[in-house]
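# Reading the structure
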Amino acid sequence: MILALRSGCKASKMRAMIVLGIETSCDETGLALYDSARGLIGQVLHSQIDLHTEFGGVVPELASRDHIRKIVPLARELLQSAALGPEDLNAVAYTAGPGLLGALLVGATFGRTLAWSLGVPAIGVHHMEAHLLAPLLGADAPELPFVALLVSGGHTQLMLVRAIGDYDMLGESRDDAAGEAFDKAAKMLELGYPGGPQIAAAAQQGNPGRFRFPRPMTDRPGLEFSFSGLKTFTLNTIQSHSPLTEQDRADIACAFEEAVVDTLTIKCRRALEQTGATALVMAGGVAANRKLRARLSRDLRARVHYAEPALCTDNGAMIAYAGALRLATGQREGLQIFTRARWPMTDLAPL
Ligand code: KG4
Ligand code: ZN
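Conventions we followed
- Residues numbered from 1 in each chain as written.
- Chains lettered and ligands numbered in written order.
- Predicted model: local features only at pLDDT ≥ 70, side-chain atom pairs only at ≥ 80, totals over all residues.
- Heavy atoms only, no water.
- Helix = DSSP H or I, 4+ residues; strand = E, 2+ residues; numbered from the N terminus.
- Rg over C-alpha atoms; globule rule 2.2 N^0.38 Å.
- Buried < 20%, exposed > 50% of the residue type's maximum accessible area, 1.4 Å probe, protein only.
- Contact = heavy atoms within 4.5 Å.
- Polar contact = N/O pair within 3.5 Å; in protein donor to acceptor, adjacent residues only side chain to side chain.
- Core = buried A, V, L, I, M, F, W, Y, C linked by side-chain atoms within 4.5 Å.
- Donors = N, O, S within 2.8 Å, 3.2 Å for Na, K, Ca; no water.
- Near = heavy atom within 4 Å.
- Areas by Shrake-Rupley, 256 points an atom, 1.4 Å probe, with all protein chains shown as cover.
- Nonpolar A, V, L, I, M, F, W, Y, C, P; charged D, E, K, R; others polar.
- Pairing = 2+ DSSP bridges.
- Axes fitted to C-alpha atoms, helices over the stretch in contact; angles between N-to-C directions.

In terms of helices and strands, the chain carries 12 helices and 10 strands. What you see for the chain is a C-alpha radius of gyration of 20 Å, in line with the 20 Å of a compact globule of 351 residues. Its C-alpha atoms give the chain principal-axis dimensions of about 60 × 45 × 30 Å. For the chain, with 351 residues in total, the buried portion stands at 53%. Taking the intrachain contacts of the chain between residues at least 6 apart in sequence as the baseline, contacts between residues at least 24 apart amount to 72%.

Written out as structure tokens, the structure reads:
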């Protein structure tokens, strides 16, 4: 059984189950079906990018309302595409946090209620744990303990993973997350939202030798991050070269991306040295960045694991999979609908 092998559980004792996963923590409505015997059997994703673009970032109230509009039609579409009905579901997993509270409430309320109406178990999933587990979906599991680099729009964290659910924080960002820094730099460069893919695309035309941006907090020991100084440096560079040409934008995007990639690589190398781990799992939206993927694989003396780009950014598949792993160990949610805007991963119970 796929799930049992990857989670290290006793395969023979577990019955196959189909889990519906629901992700609504931010600006993507993602639903997926994970079958513990067959793996991922379907997924649908609706991105709200068009809704938020004119505001240059996610507007929480608009996000919640759009999740409400989309969640039922998407659930129907997903079940239809897999030729299943609601009665075929054995459990429901939904993101319970961290994230935008109003957005989380939509998925949690829908998911918990659906599970109750079907008489099946429900589980509230930690969004960042789901990101962390996404590279394990459909691939070899890394050897434990491993280092995890979690880089998303809201988090930049280095963790030591002793076992699934047993996490030690090695270091995190004191201010902006890496993805947030990409988004803000893109906004300053008028490249659009979300910033990560836009910066990466512009950087391809950039001259890497023209600007050198700082690598924050790499000149001192430790595994903490800070990206707000890089933001200020970007703004100053833009102001001193305005009005910007297309080439200026590309050159600045290139220098910015290079600085973030270099900083993350230096800290990952340190984390591996400090812990003696031989594998690194990189997850979260910024893990879709091609330069970062290539650099970590090239420069670290460790096996580097990451998911395919579509599973790095928010999606329902990672929620279904993380939920399935926890459900398989007997964890279940009560009837109360529970969501948390903030939720340290180190509070989670080991599997
Ligand atoms: O994990 P995610 O989809 O949502 C959160 O949980 O935050 O991450 C979104 C973040 C955004 O900040 C976005 O700009 C960034 O991931 N991102 C990227 C790339 N694709 C998405 N950053 C750099 N390069 C990319 N290719
Ligand atoms: Zn995310």
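Moving on to the side chain of Thr24. When you line up the elements, Thr24 lands in the loop between strand 1 (18-23) and strand 2 (28-35). Under the relative-accessibility criterion, Thr24 is labelled buried at 0%. A polar contact of 2.7 Å, which involves the side chain of Thr24, links it to the backbone oxygen of Ala103. The residues contacting Thr24, other than those within four sequence positions of it, are Thr29, His67, Ile71, Thr95, Ala103, Leu104, Val106 and Gly107.

Below, the discussion takes up the nonpolar core. Core analysis: the largest hydrophobic core is formed by 107 residues, its most contacted members being Leu20, Leu31, Leu132, Leu149, Phe256 and Leu296. The greatest single-element share of this core, amounting to 12 residues, is contributed by helix 9 (residues 246-275). When near neighbours in sequence (up to four residues on either side) are disregarded, Leu132 contacts Phe146, Ala148, Leu150, Val161, Tyr167, Val281, Ala283 and Met345.

Turning our attention to the coordination of the zinc ion (ligand 2). Binding of the zinc ion (ligand 2) to the protein goes through His127 (NE2), His131 (NE2) and Asp314 (OD), at separations of 2.0 to 2.1 Å. Mapped onto the polypeptide sequence, the residues donating to the zinc ion (ligand 2) form the spacing pattern H-x3-H-x182-D. A residue pair is termed long-range when its members are at least 10 positions apart, and His127 in helix 5 (residues 127-133) and Asp314 in the loop between helix 11 (309-312) and helix 12 (316-328) qualify at 187 residues. The same class applies to His127 and to Asp314, which are both buried.

Close to ligand 1 lie 19 residues, the nearest being His131, Gly153, Asp183, Gly196 and Gly285. Take His131: an N or O atom from its side chain is 2.9 Å from an oxygen atom of ligand 1. Separating an oxygen atom of ligand 1 from a backbone N or O atom of Asp314 is a distance of 3.0 Å. Here ligand 1 loses 88% of its free accessible area of 550 Å² to cover by the protein chains. Counting residues per element, the ones that place at least two in the shell around ligand 1 are helix 5, helix 6 (178-188) and helix 7 (195-203). Residue composition of the shell around ligand 1, grouped by class: 5 nonpolar, 12 polar and 2 charged.

Time to look at the sheet that holds strand 1. Whether parallel or antiparallel, the strands of a sheet pair through hydrogen bonds between backbone atoms. Strand order in the open sheet formed by 5 strands is 3-2-1-4-5, with mixed pairing between adjacent strands. The open sheet is flanked by strand 3 (39-47) and strand 5 (122-126), the only strands paired with a single partner. On average, each strand axis in the sheet is tilted by 20 degrees relative to the strand beside it, whichever way the strands run. As paired strands, strand 4 (residues 91-97) and strand 5 are joined by 5 bridges and run parallel to one another. Directly across from Gly97, in strand 5, lies its bridge partner His126.

This part covers the environment of Phe211. Structurally, Phe211 can be placed in the loop between helix 7 and helix 8 (228-241). We classify Phe211 as buried; its relative accessible area is 14%. Put simply, Phe211 and Ala255 are 44 residues apart on the chain and 5.8 Å apart in space, counted from C-alpha to C-alpha. Those residues in contact with Phe211 that sit more than four places away from it in its chain are Thr237, His241, Asp251, Ile252 and Ala255.

Note that every value here comes from positions in space, so none of it alone points to a role or purpose.
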